[in-house]
Amino acid sequence: MHFKAEHNSLAGRVILITGATSGIGRSLALGLAQLGATTLLLGRDVAALETLFDEIKANHYPEPGIVPFDLSHEDPERLDALKQVISERYGALHGLIHNAAILGDRVPFEHYKMTTWAQVFRTNFEAPVAMTQALLPLLQQSSDSALIFTSSSVGHSPRAYWGAYAASKYALEGVATLLSEELENTSDIRVSVVNPGATRTKMRQAAFPSEDPETVKPPEDLVTLYAYLLSPNSNAPRGHRFQSDGHHHPLERRAND
Ligand SMILES: NC(=O)c1ccc[n+]([C@@H]2O[C@H](COP(=O)([O-])OP(=O)(O)OC[C@H]3O[C@@H](n4cnc5c(N)ncnc54)[C@H](OP(=O)(O)O)[C@@H]3O)[C@@H](O)[C@H]2O)c1
């Protein structure tokens with residue numbers, strides 16, 4: 001990836017970020033706004049969304065939108081309303097970043113609580129799938145839009161004891177793969193999967209409590225990669241899975257067997 005995010009390179013782009021209240025989502029919101037994007041900040045913690053809104057405004061970046069939304073609740077009507085509001089207020093959606101997720105437990109499979117399993121799948125898999133379906137028409141209206149699924153190393157190679165988190169990310173990469181194939185000849189949407197890799201956030205700290213946070217990269221380091229995928233006329237290949245250093249390969253498709 002040879003890409004340098006230029007000043008105002010995302011000017012006029014309307015980008016929705018789920019899980020904008022902390023970690024990677026929060027850093028993306030600030031970083032993409034700094035590059036000129038109008039960010040739509042989705043989260044369930046309204047106070048945290050307002051603090052982020054104020055920070056973006058105080059920096060004189062484009063005024064963001066706040067989308068209070070709890071992804072753990074199935075709510076097709078609210079998704080419909082969200083689509084309406086974006087369409088009426090912004091007239092377009094150029095980027096949708098699925099970033100919000102929860103970790104769940106890391107225990108042997110036979111001890112994994114099915115209630116936790118369902119919660120993790122709801123937030124990490126069903127919510128982004130439903131939101132993609134609801135907002136696809138808006139992304140399709142733009143001749144140059146990006147749909148990004150934030151996954152994990154375990155979304156490509158599920159790992160022992162990572163339970164629903166690994167399975168939900170694996171399923172999400174499956175949807176990204178089939179959608180990328182479906183949209184290939186009918187739409188200009190760039191579908192990408194990003195594996196952010198080890199990043200200094202509260203999720204990372206929960207997963208690796210004995211790790212010194214200073215030994216892993218800060219979330220700001222991911223802004224360039226996401227900006228590359230979201231830039232107008234980006235030369236990023238469609239239907240690829242990206243690592244944080246920009247290395248990428250095509251999403252794997254099954255043979256017709
Ligand atoms: N950090 C890493 O090392 C790493 C590695 C690989 C992949 N990832 C992926 O990167 C993405 C971001 O993770 P992160 O490390 O930044 O984690 P994080 O700091 O825990 O942030 C997760 C975000 O998702 C939000 N969220 C969770 N459940 C939600 C719900 N029901 N409704 C709305 N928002 C909800 C959280 O909101 P609250 O603040 O309200 O909880 C928070 O804003 C995730 O998809 C994760 O799987 C991270």
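Residues numbered from 1 in each chain as written. Predicted model: local features only at pLDDT ≥ 70, side-chain atom pairs only at ≥ 80, totals over all residues. Heavy atoms only, no water.

Taken together, 28 residues lie near the ligand, and T21, N99, Y165, K169 and T201 sit nearest. Here an oxygen atom of the ligand sits 2.5 Å away from a polar atom, N or O, in the side chain of Y165. Relative to its unbound accessible surface of 890 Å², the ligand loses 93% to contact with the protein. Breaking the shell around the ligand down by element, the ones donating at least two residues are α1 (23-34), α6 (163-183) and α7 (202-207). Ranked by the residues each element gives to the shell around the ligand, the list is headed by α7, at 3 residues. Residue classes in the shell around the ligand are distributed as 10 nonpolar, 13 polar and 5 charged. (Near = heavy atom within 4 Å. Polar contact = N/O pair within 3.5 Å; in protein donor to acceptor, adjacent residues only side chain to side chain. Areas by Shrake-Rupley, 256 points an atom, 1.4 Å probe, with all protein chains shown as cover. Helix = DSSP H or I, 4+ residues; strand = E, 2+ residues; numbered from the N terminus. Nonpolar A, V, L, I, M, F, W, Y, C, P; charged D, E, K, R; others polar.)

Next up on the list: the environment of T51. Positionally, T51 belongs in helix α2 (residues 46-58). In sequence terms T51 and T21 are 30 residues apart; their C-alpha atoms lie 8.9 Å from each other.

Of the two faces of strand β4 (residues 95-98), the one holding G95 and I97 and the one holding L96 and H98 are both buried throughout. Sheet topology note: the strand β1 (residues 14-18)/β4 ladder contains 3 bridges and is parallel. Counted as the bridge partner of I17 is I97 from β4. Judged from the 4 bridges that link them, β4 and strand β5 (residues 146-150) form a sheet pairing that is parallel. Paired with G95 across the bridge in β5 is A146. For the handedness criterion, the β-α-β arrangement of β4, helix α4 (residues 114-141) and β5 is classed as right-handed. (Buried < 20%, exposed > 50% of the residue type's maximum accessible area, 1.4 Å probe, protein only. Pairing = 2+ DSSP bridges. Right-handed = clockwise from strand over helix to strand, strands pointing away.)

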